[in-house]
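So the chains spell out like this:
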Amino acid sequence: MKKIILLLSAALVFISCSKVGKDEYLITGTAKGIDNGKTIILETQDVTGMMLAKDTVKVENGKFEMKGNITEPAFYTLQLEGAQAKIPFILENAEVVVEINKDSIQKSKVSGTYNNDEYMTFNEEITKVQKPLMDFQTKNMAAMQAAQQKNDQTVINQLMGEFAKIQEDVTAKSKAKYNSYAESHPKSFISALIVQGMLNDPSMDVAKAEKMYNGLDESLKKTKPGLAIKTKLAEMKAPAAVGATPAPAAPAAN
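Quick caveat, the model's predicted, so the values are computed rather than measured.

## Remarks on the overall build of the protein
Then, number 1: A count of helices and strands for the protein gives 7 helices and 8 strands.
Then, number 2: Within the protein, counting contacts between residues at least 6 apart in sequence, those at least 24 apart form 57% of the total.
Then, number 3: If you sum the accessible surface of the protein, you get close to 16700 Å²; carbon and sulfur atoms cover 57% of it.

## Quick look at the pattern of salt bridges
Then, number 1: According to the stated counting rule, one finds 9 salt bridges in the structure shown.
Then, number 2: In this structure, K237 engages E210 in a salt bridge whose closest nitrogen and oxygen atoms are separated by 2.8 Å. You can see K237 sitting in helix α7 (residues 224-237) and its partner E210 sitting in helix α5 (residues 206-214), a full 27 residues away along the chain.
Then, number 3: Owing to a relative accessible area of 24%, E210 belongs among the partly exposed residues under this scheme.

## Some details on the sheet that holds strand β2 (residues 39-45)
Then, number 1: Ordered in space as β3-β2-β5-β6, the 4 strands form an open sheet in which the pairing is antiparallel. At either margin of the open sheet sits one strand with a lone partner, and together these are β3 (51-58) and β6 (87-91). Adjacent strand axes in the sheet meet at a mean angle of 30° when their direction is disregarded.
Then, number 2: In terms of strand pairing, strand β5 (residues 74-80) meets β6 through 5 bridges, oriented antiparallel. The residue of β6 that forms the bridge with T77 is P88.
Then, number 3: Running over the sheet, helix α2 (residues 114-150) touches β5 and β6 and is turned about 145° from β6.

## Points about the side chain of Q79
Then, number 1: With respect to the helices and strands, the residue Q79 is situated in strand β5.
Then, number 2: Taking relative accessible area as the criterion, Q79 reaches 12% and is therefore assigned buried.
Then, number 3: Side-chain polar atoms of Q79 contact the backbone oxygen of A83, separated by 2.6 Å.
Then, number 4: In this structure the side chain of Q79 is engaged in a polar contact, spanning 2.8 Å, whose partner is the side chain of K86.

## Observations concerning the environment of A209
Then, number 1: Examined against the element boundaries, A209 turns out to sit in helix α5.
Then, number 2: For the pair A209 and M198, spaced 11 residues apart in sequence, the C-alpha to C-alpha distance is 7.7 Å.

## Details of the confidence of the model for the protein
Then, number 1: Within the protein, residue pLDDT values average 88, and 87% of them lie at 70 or more.
Then, number 2: The low-confidence segment residues 2-17 (pLDDT under 50) makes 0 contacts with residues lying over four places distant or belonging to another chain.
Then, number 3: In the model, residues 249-254 has pLDDT below 50 throughout and makes 0 contacts with residues more than four positions away in sequence or in other chains.

## Let's talk about the sheet that holds strand β7 (residues 95-99)
Then, number 1: The strand order across the open sheet built from 4 strands is β4-β1-β7-β8, with neighbouring strands paired in mixed fashion. Each having just a single partner strand, β4 (63-69) and β8 (109-111) make up the two edges of the open sheet. Direction aside, the axes of adjacent strands within the sheet are offset by 15° on average.
Then, number 2: Judged from the 3 bridges that link them, β7 and β8 form a sheet pairing that is antiparallel. Opposite V98, over in β8, you have V110 as the bridge partner.

## Thoughts on the layout of surface pockets
Then, number 1: Space inside the largest pocket adds up to approximately 600 Å³.
Then, number 2: As for the largest pocket, its lining consists of 18 residues, and the residues nearest its centre are T44, Q45, A74, F75 and K224.
Then, number 3: Where the lining of the largest pocket is concerned, the elements lending two or more residues are β2, β5, α4 (189-198) and α7.
Then, number 4: Here the element with the most residues in the lining of the largest pocket is β5; it accounts for 4 residues.
Then, number 5: Looking at side-chain class alone, the lining of the largest pocket contains 9 nonpolar, 5 polar and 4 charged residues.
Then, number 6: What the second largest pocket holds in volume is close to 360 Å³.

Reading the values: rules and limits
All chains use their own residue numbering, which begins from 1 and follows the written sequence. Predicted model: local features are reported for residues with pLDDT of at least 70 only, side-chain atom pairs are reported and counted for 80 or more only, and whole-chain, interface and lining totals are derived from all residues. Derived side-chain values reflect all non-hydrogen atoms in the structure, with water molecules and hydrogen atoms excluded from consideration. Think of it this way: any DSSP run of H or I at least four residues long counts as a helix, any run of E at least two long counts as a strand, and we number them from the N terminus. The contact definition used throughout considers only heavy atoms, calling two residues in contact when any of these lie within 4.5 Å. Computed with a 1.4 Å probe, the accessible areas rest on the Shrake-Rupley method; for each residue, only the protein chains presented here act as cover. We define a salt bridge as a side-chain nitrogen of Lys or Arg found within 4 Å of a carboxyl oxygen belonging to Asp or Glu. Summary of the burial criterion: residues with accessible area below 20% of their type's maximum are buried, those above 50% are exposed, and those between are partly exposed, where the area comes from a 1.4 Å probe applied to protein chains only. One bridge is not enough; two strands pair if DSSP finds at least two bridges between them. Here an angle of 0 to 180 degrees is reported between the N-to-C directions of two axes, which are lines fitted to C-alpha atoms, with helices fitted over the stretch in contact. Polar contact criterion, stated in full: a pair of N or O atoms within 3.5 Å, where within protein one must be able to donate a hydrogen and the other to accept it, and residues adjacent in sequence count only if both atoms are side-chain atoms. pLDDT runs from 0 to 100 and stands for how confident the predictor is about each residue. Cavity: a set of points on a 1 Å grid over the protein atoms alone where a 1.4 Å probe fits but cannot get out. Pocket: an open set with protein on both sides within 12 Å along at least five of seven lines, its lining residues, like those of a cavity, having an atom within 4 Å of a point. Grid points are joined across faces, edges and corners, and a volume is the space filled by probe spheres set on the points. Side-chain classes are defined by residue name, with Ala, Val, Leu, Ile, Met, Phe, Trp, Tyr, Cys and Pro counting as nonpolar, Asp, Glu, Lys and Arg as charged, and the others, Gly among them, as polar.

What follows is the structure, given as structure tokens:
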């Protein structure tokens with residue numbers, strides 16, 4: 001009986017210490033070395049692709065905090081005043097921890113939830129796959145600029161040909177990585193985003209996309225990306241003739 005009481009007490013303490021309630025989010029961030037008063041904007045995209053500000057705070061003593069409501073996971077970014085790059089992450093009903101790297105915004109870290117831990121790991125893997133392309137661009141940028149100034153088509157065509165081969169290989173490996181991730185991580189919000197993105201590719205195999213969608217966790221199917229996938233699949237599977245105007249009958253022969 002004493003053990004049960006202790007377990008119940010521990011559970012109550014855990015619940016009381018929770019920093020977020022139902023349909024709430026909390027972003028706690030550190031911004032070491034960043035001046036007090038610098039603005040941080042929480043942004044997301046609307047249906048047209050325009051960035052919308054959801055919240056704005058000021059950095060105080062190297063820290064910042066944002067709290068609000070959200071009913072399902074969604075892709076957001078943080079914009080630090082004066083920085084060109086944004087910090088992408090997944091906002092959800094939980095506490096999200098952000099560490100801003102003032103020297104390189106791209107190296108900032110987001111953690112605290114399964115989806116954000118997965119997103120950080122996935123980005124690292126994709127960066128490795130795409131590294132040969134980045135390396136080629138860095139190595140040959142000066143040579144390409146010099147060739148363009150001299151209008152040296154031989155060098156330009158050679159570099160563009162090498163770049164195209166690397167790009168084709170990287171694209172194929174990236175697609176394979178996306179596919180394998182979505183298939184092996186049915187509970188990750190990123191998987192839903194991957195499948196949704198794949199359906200924008202005209203060459204995508206509809207049967208394969210449907211199989212990947214069916215493999216997603218039921219909770220993901222209820223999100224906006226999940227519902228969008230379901231709608232898109234229905235459209236792609238619908239007969240092309242449905243709703244089309246019948247062709248006029250051929251005139252009778254005399």
